[in-house]
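# Structural overview for review
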Amino acid sequence: MSGFIHCLLSFCILGCICYSSRAWHVEMPSNMKALLGSCLVIPCTYDYYQYPPHNPSRVVWYQYRDRGYPLVYDDWNPNKVIRKFHGRTFKVSISDAKQCSLQIYPVRWSDHREKIYPWVDPENVGRSTYRFFDKTVTIQVVERAEKPVITFTGNRKVGQTVTVMCTVYHTCRTFPPTLRLNIPTQGNKPTHYSRSDGTTETTLTATLNIKSDLQEVECTVSYTGGVTERASQTLKAECSFFPLTIQPTSQEFLEGQASKVTCTAEYTCPKHLPKFTWSYGGTTDSPEISKIGDAHWRAVSTLTLTTSANDNGRYLKCTAEFTRSQRQAVGIYLRVKRNMLSRGWSFNSPGSITGMRGSCIIIPCSFTYSTDRPTGLRVIWYLYQSSGYPPVFDASQSAVGEFRGITSLIGSVDGGNCSLKIERLDMSHNKDRLYPWVDKNPITSYHTVGHTFYDKTTQLIVSDHAQEPQLSMTEIPTVGEQSRVSCNVRHTCITAPPVLTLSGITGTDRTIDRLVSDGIWERKVERIWTVKEEDQSVNCTVRFHGGQEASSELRLHVECPHEAIKMVERPGNATEGVAQSVICFVSYKCKKNTPTIVWNYKDMQSSFDDKMISSDTYRAVSNLTFIGSLGDDGKSLTCTAKFYSGETSDSATIHVKQYERQAEEIDPHDTFHVLAADVPFRFTALTRSCVVIPCTFQYPEDTTSLIRGMWSKKTGGIIFHKGQSHVLDHFKGRTKMLGNLREGNCTLEIDNIKSFDNGPFCFHAERGNDKYRFNNSCVFIVMRASPATPVMTPVPTEVDAGSTITVSCSVTYTCSSHPPEFSWSVSNLTSKVTDTNTEQGIWERNSTITFMVTGRDGVHTLTCTATFWRGKQQASSVELSVKGSLMYQFRSSVPVTMPVSALVLIVIILAAVFGVVICRKRSSQKRSDDSLRPPRPEKRRSLWDRLSRRYPESSERPPRPEKRRSIWSRFSRREEDGRIGWQNTRRSIWNRFSRRQDNTVNLSVGYVRHADNCHLQTSKPALPSPKENWKPPRPAKPKVSSAVVSGNDQM
């Protein structure tokens, strides 16, 4: 009984547990494949009907074990996750349901065959509610990924398109693999679909244009972790053939005329080249093969045949035979007609004619008969169409709608004239083709499919834009003269021509009409006018009856003429240094053409004036103050007027005479005391500068000093007086007495010399009521417009760069109170200026400089410029040929580079000596430690060791009797006499530093700690070592107790 109760109780407990478990359920696959190195997403969802969790987002994953709960994922306790899953598990959400999905990344081999399971809210949902560990997932790790699957959908024919899909199945939804196709994808994105078994289906779709019958498509899939797989599949497509066509299919052939018929085959595969055959024995050209699109080819065969009347109704067939026994045929029935142009008459009309909308047009036409012309002919004009004969003009019936009431014949039919006039053209008439019919029989009595008059039709071109009129001139317009301008435009309506209007100029017009060609007239308007300076352009406007307008402009570029320049006041017989006025004038048209008048003499004062003398005429006048010198006698004085369009000149011969002293006229009634003075009667001066007139006189023994001295013009008027009120206004402030009358010096300075300050000027004095005049006290000033030219001493024509040259430049002057200043075109090392009084009142200033020749090789200019008082300048130049500039630059840089180089060399030597001292100290310490150590194979030595005199052998070696060697002897190839043992051949400097040595080495070792003698000779192969050719120190003479081992070579 107790057993039954126990069973019943157990059954109830299990029933309760089972009922409770049904309140929860978890959905996830039981097995999942995972790609090594990629990620694994285990889809997991849960739901419940009772006992909801307190924290539904709390999901923990465990490793399935008989005992315990090893953590696989726990976001609350990440550090308690077992080591093999630590840091690789993450919770993911892949749908809207209650999620418990898990991601493992990266997948490892240790995950293989692992069983794991989730637990939702383990702190509140116990195993009594749901046994989560009964629902586990087993992980199967694989090393090779699945290949993608390629599928095609659509019509598999060349030239068509199919849909290509590349699909792969994987378990890494969060990091899906990348798909690539070897065909254009047009930027399509892959799609992802979750399957019921927990895997994800990723598909990339593209559209493929089939271009060949065999086309390979390849798909490549790249997984997270670097695993790549690819698959390929060949698309086999069917070649297509389009229906064969023949042209023309319904054309009538002209009797006796050659015609062409084409047969066209189109196909999609280029290997299926067709072969054409015709059923008519004409001339067949080779087929023309062309590609007209992707996977679309065309072959055209052309047949040239000449039909006769008997060929009418005959069947013409074209056959195309492709490879693989594909064959097509097509044909047409020939319709041959008699040529209407051979019916005994013909006509002539233009191929096209252009008219303006709203205006009229006349189509010129003439016809002839090859035989006698029938009587009673009538002319009919038709509108060309592919079918039918709509009349444009017919006296017996109305014209077609758009031409009704606006057409008429021009001329006599009996005279062979069939011209047609059309009034009020409209844009609807544009590109219409018209042709005449001149026959007693109607045109419908002939079979004319594909009208044979097409090539003889006249095309109407109706324009709504007026043609620009053409402006022209026969000659360049000149101001003040009459000129002619014409404007013309072509049109097609002589009965209502366009209107031409000229503007911009004023004159009289004349209109001219003329026939240019068949149906084309030209209207011209000519205008004659008197040209003015302000005439800039002329405009012509054309206005047609349809309201269209157009205009054009012509720039006139009027010419402004000028007369020849005239010298109205010519230089006469002039005295040297005396200014005279010379006047030139020129008349010209146009204010804008004002000239510049220049003279062939510089530094002379001139004035310019221009004024209007009539409505369109101007006059320019230049007045030159000419100052001649004796050197100008016989030369020409030229004035030149420069216009923008040219220049004109006039000249006159200069006659200059020397100034002669005039005899002094003495008034016998004057009360002046007469004394002797020394004043030059003729003295030169530079205009605008100053002049210092030397003047001295002697006192008689019985005469005291004079009170005041005065200078005056010989003709009257004081130019210098202590009282300025006595001085002429022209000379006020410009004269000054430089001499001391008490010393007999009456020297006068005149500043800012004017052109007409010639004099003569005379000196006289007063003392009380006594007045004194002086013999030879008058001076005549000879004016010069240009200063004297400086004179330079000769210089060598060819000099070396860097050499020094001394050169002098001198110039004469008469303004000793303000001597000229010199300037040079080079920088000088030394400069010296001296002034010398060469003769009475004439000074010479000399500038001497010493400079160094610099600059590049070639010809250079040396210039000396003298600047006189108040700014006038005169210069003199010589040319120097410079050579050796590069050597000079080098010598110039040596004083800078040599000290720097010497300093760097000293620093290097000191550093080398310091290094030798340090290395010697270290070597002495090392030899004391290694004195009892047997010799060992040497190691490669550094570059410093090869240069050093220190040797790395044992300190117990035999002492060297030699003295220290100099730096030179260590690099010298000369061997020192008296050395024992090291008698190698001479080696070059390179061999002493090179690591490449001979293949054998000879060794000689001496032992001093044994009394017995031992002789040993050895030779061993030696690797390249920097020590092989290194000379050791010469050993000392061995003692009796020493043992020596030597080789074949005497050491």
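The sections below set out a description of the structure shown in this document.

Calculation notes
- Residues numbered from 1 in each chain as written.
- Predicted model: local features only at pLDDT ≥ 70, side-chain atom pairs only at ≥ 80, totals over all residues.
- Heavy atoms only, no water.
- Helix = DSSP H or I, 4+ residues; strand = E, 2+ residues; numbered from the N terminus.
- Buried < 20%, exposed > 50% of the residue type's maximum accessible area, 1.4 Å probe, protein only.
- Contact = heavy atoms within 4.5 Å.
- Areas by Shrake-Rupley, 256 points an atom, 1.4 Å probe, with all protein chains shown as cover.
- Pairing = 2+ DSSP bridges.
- Phe/Tyr/Trp six-rings, centres within 6.5 Å; stacked < 30°, edge-to-face > 60°.
- Lys NZ or Arg CZ within 6 Å of the ring centre and 35° of its normal.
- Disulfide = S-S within 2.5 Å.
- Core = buried A, V, L, I, M, F, W, Y, C linked by side-chain atoms within 4.5 Å.
- Patch = residues over 30% accessible without salt bridge, like charges linked within 9 Å, V, L, I, M, F, W, Y side chains within 5 Å.
- Salt bridge = Lys/Arg side-chain N within 4 Å of Asp/Glu carboxyl O.
- Axes fitted to C-alpha atoms, helices over the stretch in contact; angles between N-to-C directions.

For the rest of this paragraph, the subject is the overall build of the chain. Assigned secondary structure in the chain consists of 5 helices and 75 strands. The buried share of the chain, reckoned over its 1051 residues, is 40%. When contacts within the chain are restricted to residue pairs at least 6 apart in sequence, those whose partners lie at least 24 apart make up 65%. Per element, the accessible surface of the chain, about 59200 Å² overall, is 50% carbon and sulfur.

Turning next to the sheet that holds strand β64 (residues 791-792). Reading across the sheet, the 4 strands line up as β64-β66-β69-β68 and stay open at both edges, with antiparallel pairing between neighbours. Taken across any chain shown, the strands that pair with only one partner, and hence form the sheet edges, are β64 and β68 (830-839). Pairing of strand β66 (residues 804-813) with strand β69 (residues 842-852) involves 10 bridges; the strand directions are antiparallel. Residue pairing in the sheet places T804 in a bridge with M852 of β69.

Position of G628 relative to the elements: it lies in the loop between β50 (617-627) and β51 (636-643). Residues G628 and A579, 49 residues apart in the sequence, show an inter-C-alpha distance of 7.3 Å. Apart from residues lying up to four places away in sequence, G628 is in contact with T575, E576, G577, V578 and V656.

Applying the stated criterion to the full structure yields 29 aromatic pairs. A centroid spacing of 6.2 Å and a plane angle of 80° characterise the contact between Y62 and W119, whose relative ring orientation is edge-to-face. A residue pair is termed long-range when its members are at least 10 positions apart, and Y62 in strand β5 (residues 59-63) and W119 in strand β9 (residues 115-120) qualify at 57 residues. Ring pairing ties together the aromatic residues W24, Y46, Y48, Y62, Y64, Y69, Y117, W119, Y130, F132 and F133, which thus form one cluster. The ring of Y48 carries the charged tip of K98 above its face, separated from the ring centre by 5.5 Å. A cation sits over an aromatic face here: K456 above F347, 5.4 Å from the ring centre.

Right, let's get into the state of the cysteines. In the structure shown here, the tally under the stated rule is 14 disulfides. Disulfide partner of C166: C219, at an S-S distance of 1.8 Å. Because the sign of the S-S torsion sets the handedness, a value of about -80° for the bond joining C166 and C219 places this disulfide among the left-handed ones. Placement of the pair is C166 in strand β12 (residues 161-170) and C219 in strand β16 (residues 214-222), with a sequence separation of 53 residues. Each of the two residues, C166 as well as C219, counts as buried. Paired through a disulfide, C487 and C540 show a sulfur-sulfur distance of 1.8 Å. Between C487 and C540, the disulfide has an S-S torsion of -80° and is therefore left-handed.

As a further point, take the nonpolar core. Of all hydrophobic cores here, the largest spans 34 residues; its most connected members are W24, L40, W61, I116 and F132. Of all the secondary structure elements, the ones that give two or more residues to this core are β1 (24-27), β2 (31-35), β3 (40-42), β5, β6 (71-73), β8 (102-104), β9 and β10 (137-142). Other than its neighbours up to four places away in sequence, W24 contacts Y46, D47, Y48, Q50, Y51, P52, P53, V120, V125, T129, Y130 and F132. Core analysis: the second largest hydrophobic core is formed by 33 residues, I353, I361, C365 and W437 among them.

Between Y105 and P106 the backbone carries a cis peptide bond, its omega angle lying at -5°. Summarising the element assignment, P106 is placed in the loop between β8 and β9. Positive phi values are uncommon outside glycine, yet H557 reaches one of about 50°. For H557, the location among the structural elements is in the loop between β44 (549-555) and β45 (566-569). Accessibility expressed as a relative area gives 61% for H557, which makes it exposed. Notably, R688 is not glycine yet its phi reads approximately 75°, a positive angle. Take R688: it is sitting in the loop between β55 (682-686) and β56 (691-693).

Turning next to the environment of E526. Here E526 shows up in strand β42 (residues 520-530). Of the residues examined, E526 reaches a relative accessible area of 12% and is grouped as buried. Here the alpha-carbon distance between E526 and R484, two residues 42 residues apart in the chain, equals 6.8 Å. If sequence neighbours within four positions are ignored, E526 has contacts with R484, V485, S486, T508, D509, R510 and I512.

On to a nonpolar patch on the surface. Judged by side-chain polarity, L905, I909, V913 and V917 come together as a nonpolar surface patch covering roughly 350 Å² of accessible area. Here V913 is to be found in helix α2 (residues 885-929). According to the relative accessible area criterion, V913 is partly exposed, its value standing at 48%.

The sheet built from 3 strands is open, its strands ordered β40-β43-β44 with antiparallel pairing. Every other strand in the sheet has two partners, leaving β40 (499-503) and β44 as the edge strands with one partner each. Neighbour to neighbour, the strand axes of the sheet diverge by 15° on average, direction disregarded. Looking at chain direction, β40 and strand β43 (residues 537-543) are connected through 5 bridges and run antiparallel. Note on β43: the bridge partner recorded for T501 is T541.

This brings us to the pattern of salt bridges. Scanning the entire structure with this criterion turns up 31 salt bridges. Its salt-bridge partner being D111, residue R88 comes within 2.8 Å of it at the nearest N-O pair. A residue pair is termed long-range when its members are at least 10 positions apart, and R88 in the loop between β6 and β7 (89-91) and D111 in the loop between β8 and β9 qualify at 23 residues. Judged by relative accessible area, R88 falls into the buried class, the value being 2%. We classify D111 as buried; its relative accessible area is 1%. In this structure, R298 engages E266 in a salt bridge whose closest nitrogen and oxygen atoms are separated by 3.2 Å. Of this pair, R298 sits in strand β24 (residues 296-306) while E266 sits in strand β20 (residues 258-267), and the two are 32 residues apart along the sequence. Overall, R298 belongs to the partly exposed group, its relative accessible area being 30%. In the salt-bridge network here, residues are joined through shared partners; they are R58, D74, D75 and E123.

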